[in-house]
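Chain by chain, the residues run as shown.
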Amino acid sequence: MIDLRSDTVTTPTPAMREAMLAAPVGDDVYGEDPTVIELEQRTAELLGHEAGLFCTSGSLANLLGVRLLVEPGQEVVCDVGAHIARAEMGAHAAVHGLTMRTVPSINGLVDVGAYAGVIAPNAGPYLVSTAAVAVENTHNFGGGTIQPYDQLVALGELCRAEGLGYHLDGARLWNAHVATGVSLAAYGSLFDTVSVCFSKGLGAPVGSVLVSTADRIAQARIWRKRLGGGWRQAGILAAGGLHALDHQVDRLADDHRAAGAFAAAVRDQAPRAVDVAAVQTNIVVLNTGAVPAAQVATAAKDQGVWVSALGPRMLRAVTHLNVTVDEARTAGEFVGRILASA
Ligand SMILES: Cc1ncc(COP(=O)(O)O)c(C=O)c1O
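Predicted model only: the values in this text are computed from it and were never measured. (Residues numbered from 1 in each chain as written. Predicted model: local features only at pLDDT ≥ 70, side-chain atom pairs only at ≥ 80, totals over all residues. Heavy atoms only, no water.)

A. Here's a closer look at the overall build of the protein. Counting its secondary structure elements, the protein contains 14 helices and 12 strands. In terms of overall dimensions, the protein is globule-like: its C-alpha atoms have a radius of gyration of 20 Å, near the 20 Å expected for 342 residues. Dimensions along the principal axes, computed over C-alpha positions, put the protein at roughly 55 × 55 × 35 Å. Nonlocal contacts in the protein, meaning residues at least 24 apart in sequence, comprise 75% of its contacts between residues at least 6 apart. Of the roughly 13,800 Å² of accessible surface on the protein, 53% is carried by carbon and sulfur atoms. Here the protein contributes 24 positively and 33 negatively charged side chains, and the mean placements of these two sets differ by 6 Å. (Helix = DSSP H or I, 4+ residues; strand = E, 2+ residues; numbered from the N terminus. Rg over C-alpha atoms; globule rule 2.2 N^0.38 Å. Contact = heavy atoms within 4.5 Å. Areas by Shrake-Rupley, 256 points an atom, 1.4 Å probe, with all protein chains shown as cover. Lys, Arg positive; Asp, Glu negative; His and termini not counted. Charge placed at Lys NZ, Arg CZ, Asp CG, Glu CD.)

B. Inspection of the sheet that holds strand E7 (residues 193-197) at higher detail. Taken together, seven strands build an open sheet; the order of strands is E2-E8-E7-E6-E5-E3-E4 and the sheet is mixed. Only two strands of the sheet have a single neighbouring strand rather than two, namely strand E2 (51-55) and strand E4 (99-103). Across the sheet, the mean angle separating the axes of adjacent strands is 20° when strand polarity is ignored. Relative to strand E5 (residues 130-136), strand E3 (residues 75-79) runs parallel, the two being bridged by three bridges. Among the inter-strand pairings, valine 77 is bridged to a residue of E5, identified as valine 133. (Pairing = 2+ DSSP bridges. Axes fitted to C-alpha atoms, helices over the stretch in contact; angles between N-to-C directions.)

C. Structural context of the pattern of salt bridges. Tallying each qualifying case throughout the model produces 12 salt bridges. Aspartate 254 is the partner of arginine 257 in a salt bridge, and the nearest nitrogen-oxygen pair spans 2.6 Å. One end of the pair is arginine 257 and the other is aspartate 254, both in helix H12 (residues 252-269) and three residues apart, which spans about a single turn. Between arginine 267 and aspartate 268 there is a salt bridge, with the nearest N and O atoms lying 3.5 Å from each other. Taking relative accessible area as the criterion, aspartate 268 reaches 58% and is therefore assigned exposed. (Salt bridge = Lys/Arg side-chain N within 4 Å of Asp/Glu carboxyl O. Buried < 20%, exposed > 50% of the residue type's maximum accessible area, 1.4 Å probe, protein only.)

D. How the structure looks around the pairing of strand E6 (residues 165-170). The buried count for E6 comes to six of six residues, which makes it a mostly enclosed element. A two-sided burial pattern is seen for E6, the buried positions comprising Gly165, His167 and Asp169 on one face and Tyr166, Leu168 and Gly170 on the other. Bridge analysis of E5 against E6 gives five bridges, and the strand direction is parallel. By the bridge assignment for E6, alanine 132 is matched with glycine 165. Tracing the backbone out of E5, into helix H7 (residues 149-162) and back to the parallel element E6 gives a crossover that is right-handed. Direction of pairing for E6 relative to E7: parallel, over a ladder of four bridges. Among the inter-strand pairings, histidine 167 is bridged to a residue of E7, identified as threonine 193. (Right-handed = clockwise from strand over helix to strand, strands pointing away.)

E. Fine view of the side chain of glutamine 248. Within the secondary structure layout, glutamine 248 lies in the loop between helix H11 (235-247) and H12. For glutamine 248, a relative accessible area of 5% gives the class buried. Separated by 2.7 Å, the side chain of glutamine 248 and the backbone oxygen of leucine 202 make a polar contact. (Polar contact = N/O pair within 3.5 Å; in protein donor to acceptor, adjacent residues only side chain to side chain.)

F. Representation of the packing of aromatic side chains within the structure. Overall, the coordinates contain four aromatic pairs when judged by the stated rule. Ring centres of tyrosine 149 and tyrosine 187 lie 5.7 Å apart, and the angle between their planes is 65°; on these two criteria the pair is classed as edge-to-face. One end of the pair, tyrosine 149, is in helix H7; the other, tyrosine 187, is in helix H9 (residues 184-188), with 38 residues separating them in the sequence. Relative to phenylalanine 198, the ring of tryptophan 174 has its centre 5.6 Å away and its plane inclined at 45°; by these criteria the two rings are tilted. In this pair, tryptophan 174 sits in helix H8 (residues 173-180) while phenylalanine 198 sits in the loop between E7 and strand E8 (208-212), placing the two residues 24 residues apart along the sequence. Here the two residues tryptophan 174 and phenylalanine 198 agree in accessibility, since each one is buried. Lying across the ring of tryptophan 306, arginine 5 places its NZ or CZ 3.8 Å from the centre. Between the NZ or CZ atom of arginine 86 and the centre of the ring of phenylalanine 141, over which it lies, the distance is 4.7 Å. (Phe/Tyr/Trp six-rings, centres within 6.5 Å; stacked < 30°, edge-to-face > 60°. Lys NZ or Arg CZ within 6 Å of the ring centre and 35° of its normal.)

Have a look at this one:
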């Protein structure tokens, strides 16, 4: 099988497993795990922030990051395809009592005017007050799209002017950094809270880090424990993240090449299914036209290629550490043929 369902399907390399095995560990709830502390500090520094908190998942890091900026009964504004709105099982509402409003977007990209038209800071006794804005970079359901830096700056300025918090879901910020050359600190320092994941393109088995000020991270540590997310010798997992930082960031460029090869191979068979120019990182979104996406996904699986049906006519393929450029191209040929003959 060539598995392109997600970059979360990667398995740790032998070198990463060795690093995990050798990690010095301690009780992280007591703040005594040296490997966790190293990962938290290093990630915070990379992103231009004071402190970090190692979490089980991107969903938990987002849940805590948004909660630091938004009180129960207030709202966070994000785009209609945001992971926090669509794919975190309503946790922000169910656990923290926040509401969300979404703005329309094209491929998940920030349109500052759309946010300006929706936010309602200090909305008084009749309307829900907006307390924060959240953006995603790269944008998963948008097709791995990269937020233009000037738009992120402009949206940050709007948030500051209106007294709003600014959260970044940076699950795949590494991909944006590698594709654009914009430093992680330049991205990270625009925001009040940032989550990044080690378990996606970076290939670690578990883990995300939330970064912010030392005060906010101290609060987030309390929230994490309250939610049952305090963990003990978690350095075994943090070591995977540290290994990924040292060895598996620059290689994301290979995943971007593989995504381009996949998309080009689909286009050669089924030109209307894909916009090759829109492929910026490791995610390719396909339009299955008249054929249900689930049907194409099943036919592809029968031929040894796994892709995800994310909407009635939308397929997603994601390249990663365990797929070569040649395999991605071959997978694209199979999927393209299915689409062409459907
Ligand atoms: C953009 C984005 N944010 C957050 C997450 C959540 O990460 P996790 O699956 O670790 O909870 C994902 C997961 O795919 C994601 O794509």
